[in-house]
Amino acid sequence: MKKFLLLIAVMPCLLFAQENYTINGYVKDAANGEALIGATVLITELGTGNITNVYGFYSITLPAGDYTVEYRYLGFVTQRESVSLSKNNRIDIELSEEQTTLQEVVVTARPEDENVTSTEMSVAELDIKTISKLPVFAGEIDIIKSIQLLPGVSSVGEGASGFNVRGGSVGQNLILLDEAPVYQSSHLFGFFSVFNPDAVKDVKLYKGGIPSRYGGRLSSILDVRMKEGNSKDLDVSGGIGTIFSRLTVEGPIKKDKASFIVAGRRSYADVPIRLLTDFLNDGAALYFYDLTAKANYNIDDKNKVFVSGYFGRDVFKFDALQGFNWGNQTASVRWNHLFNDRFFSNFTAFYSNYDYAFEVGNTDDDQFDWSSKVQTINFKPQFSYFLNQKNELTFGGELLYYTFFPADAVGFSSGNRIDLSLEKKNALETSLYVSNNQKVTKDLSIEYGLRYSSFNHLGPGNKYVFGDTLAGLRKPVSSTTRIGNNKSLAFHQNFEPRLSVRYQLSSSSSIKMSYNRMNQYIHLISNTVAATPIDVWQPSTNNIQPQQGDQVALGYFKNFKNNAYETSAEVYYKKTKNQVDYIDGADLFINDLLEADVLSGDGRAYGLEIYAKKNEGDLTGWVSYTLARSELKIDGINYGLNSPDRAGRWYPTRFDQTHNLKVVGNYKLKERKNLSATFSYISGTPTTYATDRILVAGQVIPINNGSRNNFRIPDYHRLDVSYTIDYNWVTKKGRERSSSLVLSVYNLYNRKNAFAVNFTQDEDRIDYSQLNNINVPNQPVTTSAFETSILFFVLPSVTYNFKF
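Within each chain, residues carry numbers counting from 1 in the order of the written sequence. Since the coordinates come from a predicted model, pLDDT governs what is reported: local features require at least 70, and pairs of side-chain atoms require 80 or more to be given and counted, while whole-chain, interface and lining totals use all residues. In computing side-chain values, all of the structure's heavy atoms are included and hydrogens and water are not.

Would you take a moment to explain the overall build of the chain for this structure?
Within the chain, the regular secondary structure consists of five helices and 52 strands. Each radius of gyration is computed over the set of C-alpha atoms, and the globule rule expresses the reference value as 2.2 Å times the number of residues to the power 0.38. Its C-alpha radius of gyration of 28 Å places the chain within 12% of the 28 Å reference for a compact globule of 804 residues. Each of the three principal axes of the chain carries a C-alpha extent, and together these read 105 × 65 × 55 Å. Buried residues are those whose accessible area, probed at 1.4 Å on protein chains only, stays under 20% of the maximum for their type, while exposed residues exceed 50% and partly exposed ones sit between those limits. For the chain, with 804 residues in total, the buried portion stands at 53%. Surface accessibility in these figures is a Shrake-Rupley result with a 1.4 Å probe; residues are shielded only by whichever protein chains are displayed. Summed over all atoms, the accessible surface of the chain reaches about 34,700 Å², with 57% contributed by carbon and sulfur. Across the chain, the 82 positively charged side chains and the 85 negatively charged ones have centroids separated by 4 Å. Secondary structure is summarised from DSSP: a helix means a run of H or I of at least four residues, a strand means a run of E of at least two, and numbering begins at the N terminus for each. His is not counted here, nor are the chain ends, while Lys and Arg score as positive and Asp and Glu score as negative. Lysine's charge is taken at NZ, arginine's at CZ, aspartate's at CG and glutamate's at CD.

In structure tokens form, the structure reads like this:
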């Protein structure tokens, strides 16, 4: 550990000893001043270059000489600059879609093909323009629903919060909004995401090959970057839809120096319901809202600061005294600083709060109120050093302080107050990382890194030691030790190696391999069919060990016809340990001895992902197919009847889906008219049913022989379509204005997809023994199965979008 810290400390000194000439700067959108993430900067004489980082910054170090530099970005005109390199040069570029604004331009259908040439693999990325064309629920653009159309990403069905990646649970995804974690990614129980698309610039999902700068979750990283705001002119945009409306205002605070963006949404499904029915009388409510804001200021050529925040809430009340509510709040402050032409840094501090609550009762004297929350405070320094043309070094660290409030619960019975609250829990998570992206040869590139992470569960709190018992049963407490304030209750630490390799087979094809180890120190406690907004987060303890996962992936990437067609095939295998499950009849709610009901064991997930995309022509779109398995093996669960020690056997997870097929099509009918469609087919997810039954006093009692997730609900499939009409015009001042009308139909052929299958006992059985007629046999007790569907109808919608 000391050697690792020493390496981080002396690294800048070693790197500064290199003498090179450097070209660096920022690449931005000429129309609004937004930084362009992932823009290609190519040295044409050498056939190599670099791409801009998440802040639009690039740096390339070269020997002295004359060069031609090309700046490329998807959908923009390529710009060329001639550079005579005899000293360090700062070149800031603004790319435009207007050819007439450039002296020398080359129009390219696509930039250099990053899906083939980049070292990254297992990465899903969608731009907002693509997302906006997809048919979605109620006609509203949705980021979370959009990424579920990509291979390896799924959900257990409508009404399920979050998403699943490569066989992982919802709680194993780290969701970042401008670096701050978002613990609940959904509005309205999973039908909408918390991200306002009008305020989002970039969306990137890491499924594997995760860089060392990320950590803390086992399955994936969803990195969402907000717009910075138009630094040129004032813009007003928004939309009026069936379910909610949104409004965004952005513009310069000081032109080309500082800008802002404010975006808000509010659903109003409750408004027509109140007018047409009495369903929401007596204080009932059903709505959500969110507000996203950001501002930035260019202090000088070497310093830039950002301030951003998100505030959102869902309210679902049955009446004035009963209901649910939950919400996220985040606030981030970031400072970009250039130490020199090759040394870029970013310092981030953020605050995140996720709180959720429910209340039940008929009167104030007979009422139960419960709330929970998790708060996070973070400081994260990040550094990038562009060592030379072939090496880009990144290093940094992270300091996270958690405060968990598992239950603030108060009950009233006949006016008597009963406090059932649980003590808050504190934890400190720290990490250090270093990585290098190295171009070994023209065809071979490697990104390798190492992350060190530690987790300290701090007092005050009780440290429990449990006695032995049969696997799968509640563990008895053998001793309890009181831990003082800020004393260590449990400490864990791990090293996490990361590796990605790309070998270029030809100009249009490559093979890639990746390996990463991830550790997760906080756990989402849930044993429901799908994760809910009121599931509780639990830190690792001396009894609940950190989850750990090792994943390897191998992929082949091939493009055709000058990148007009993209194809890829990836296989992956993920092995995990300390996976969390629960005893039968576990008490997860307001339980100070929750650790006694938690079981842990091994997991594995493996699969094949195939992806084919058409980028050009009137008809564009993609097909993604995933063949996968996700399983657990935990002692005390799914054990054989002849297993005296209750040794567990492999069983599928609740989100295991063997087949997952998504087809997306976008057809340009005319200049301003567009037709889109998406089709989804997903294998039925596992669930646990009774294997036997007994009859007691005329009532059927279901019995399970210890198996878990032993049946599957019916397969899921759905077709959605949308028709978009675009309107564009130019004002007298020469500014472009646009609007669009979107007509969409969700669940076009009215498929009633089952979310769950339940059983009931028939009520019309005649028991002749009750009629004193013992010579007539009783009718047999029969049971029936019925499917529960969250969405069981065709849903048409209309949305009007505008930008002025």
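Explanation requested: unusual backbone geometry in the structure shown.
Among all residues save glycine, negative phi is the norm, and among peptide bonds the norm is trans. Of note, the amide linkage connecting Gly459 to Pro460 takes the cis form, showing an omega dihedral of 10°. For Pro460, the location among the structural elements is in the loop between strand 30 (444-458) and strand 31 (461-466). The phi dihedral of Asn562 falls on the positive side, at around 55°, and the residue is not glycine. Its place among the elements puts Asn562 in the loop between strand 37 (547-560) and strand 38 (565-582).

Is there a simple way to explain the sheet that holds strand 13 (residues 173-177) in this structure?
If DSSP finds at least two bridges between two strands, the strands pair. In space, the five strands of this open sheet follow the order 10-17-18-13-14, with mixed pairing throughout. Each having just a single partner strand, strand 10 (123-126) and strand 14 (180-181) make up the two edges of the open sheet.

Where do I start with empty space enclosed by the protein in this structure?
Remark: the empty space left among the atoms is shown by a probe the size of a water molecule rolled over them. A cavity here means a set of 1 Å grid points, computed over protein atoms only, where a 1.4 Å probe fits but cannot escape. A pocket is an open set with protein on both sides within 12 Å along at least 5 of 7 lines, and lining residues have an atom within 4 Å of a point. Grid points are joined across faces, edges and corners, and a volume is the space filled by probe spheres set on the points. Counted by the stated rule, this structure contains twelve cavities of 30 Å³ or more. Of the voids in this model, the largest cavity is the one considered here, and its volume is about 290 Å³. For the largest cavity, the lining is made up of 19 residues, of which Lys145, Gln148, Ser680, Arg718 and Tyr746 are closest to its centre. Elements with a minimum of two residues in the lining of the largest cavity: helix 4 (143-147), strand 43 (673-682) and strand 48 (716-730). Throughout this entry, Asp, Glu, Lys and Arg are counted as charged residues, while Ala, Val, Leu, Ile, Met, Phe, Trp, Tyr, Cys and Pro are counted as nonpolar. The remaining residues, Gly among them, count as polar. Of the residues assigned to the lining of the largest cavity, the class counts are seven nonpolar, seven polar and five charged. What lines the second largest cavity is a set of 21 residues, among which Val170, Tyr183, Gln184, Leu524 and Trp537 lie closest to the centre. Taken together, the residues of the lining of the second largest cavity break down into twelve nonpolar, seven polar and two charged.

What exactly am I supposed to notice about the pattern of salt bridges here?
As a working rule, side chains carrying opposite charge can pair if their charged atoms are close by. When a carboxyl oxygen of Asp or Glu is within 4 Å of a side-chain nitrogen of Lys or Arg, the pair counts as a salt bridge. Applying the stated criterion to the full structure yields 35 salt bridges. Its salt-bridge partner being Lys201, residue Glu228 comes within 3.4 Å of it at the nearest N-O pair. With Glu228 in the loop between strand 18 (220-226) and strand 19 (235-240) and Lys201 in strand 17 (residues 200-206), this pair connects stretches of sequence that are 27 residues apart. Residue classification places Glu228 among the buried positions, given a relative accessible area of 4%. Between Glu228 and Lys304 there is a salt bridge; the shortest N-O distance is 3.3 Å. With Glu228 in the loop between strand 18 and strand 19 and Lys304 in strand 23 (residues 303-317), this residue pair connects regions lying 76 residues apart in the sequence. Taken individually, Glu228 and Lys304 each receive the classification buried, so the pair is uniform in this respect. One continuous salt-bridge network, built from bridges that share partners, spans Glu179, Asp223, Arg225, Lys380, Glu398 and Arg451.

Whenever I open this one, the side chain of Ser431 confuses me. Can you help?
For Ser431, the position within the fold is in strand 29 (residues 425-439). Two N or O atoms form a polar contact when they lie within 3.5 Å of each other; inside protein one atom must be a possible hydrogen donor and the other a possible acceptor, and for residues adjacent in sequence the pair counts only when both atoms belong to side chains. Of the polar contacts made by the side chain of Ser431, one reaches the side chain of Arg451; its length is 2.9 Å. The contact rule is simple, with two residues in contact once any of their heavy atoms fall within 4.5 Å. Excluding its chain neighbours within four sequence positions, the residues that come into contact with Ser431 are Gly396, Gly397, Glu398, Arg451, Tyr452 and Ser453.

Could you clarify how one ought to interpret the packing of aromatic side chains in this entry?
Ring pairs (aromatic) are described by centroid distance and by the angle formed between their planes. Pairing of aromatic rings covers Phe, Tyr and the six-membered ring of Trp, with a centre-to-centre limit of 6.5 Å; geometry is then stacked below 30 degrees between planes, edge-to-face above 60, and tilted otherwise. All chains considered together, the criterion is met by 40 aromatic pairs. Taken together through their ring pairs, the aromatic side chains of Phe316, Phe318, Phe324, Tyr354, Tyr356, Phe358, Phe368, Trp370 and Phe589 make up a single cluster. Residue placement shows Arg334 over the ring face of Phe306; its charged tip is 5.0 Å from the ring centre. Across the ring face of Phe560, the terminal group of Lys558 is positioned such that the distance to the ring centre comes to 5.4 Å. Look at NZ for Lys and CZ for Arg. If either is within 6 Å of the ring centre and within 35 degrees of the ring normal, a charge sits over the ring.

How do you make sense of the side chain of Asn519 when you look at a structure like this?
Looking at the secondary structure, you find Asn519 in strand 34 (residues 509-520). Among the polar contacts listed, one links the side chain of Asn519 to the side chain of Gln548, at a separation of 2.9 Å.

Is there a simple way to explain a nonpolar patch on the surface in this structure?
Nonpolar side chains collect at one region of the surface, where Ile240, Tyr727, Trp729, Tyr800 and Phe804 lie side by side and expose about 460 Å² of accessible area between them. Relative to the elements of secondary structure, Tyr800 occurs in strand 52 (residues 795-803). For Tyr800, a relative accessible area of 31% puts it in the partly exposed group. Patch construction takes residues with relative accessible area above 30% that form no salt bridge. Like charges are linked within 9 Å, and nonpolar side chains (Val, Leu, Ile, Met, Phe, Trp, Tyr) are linked within 5 Å.

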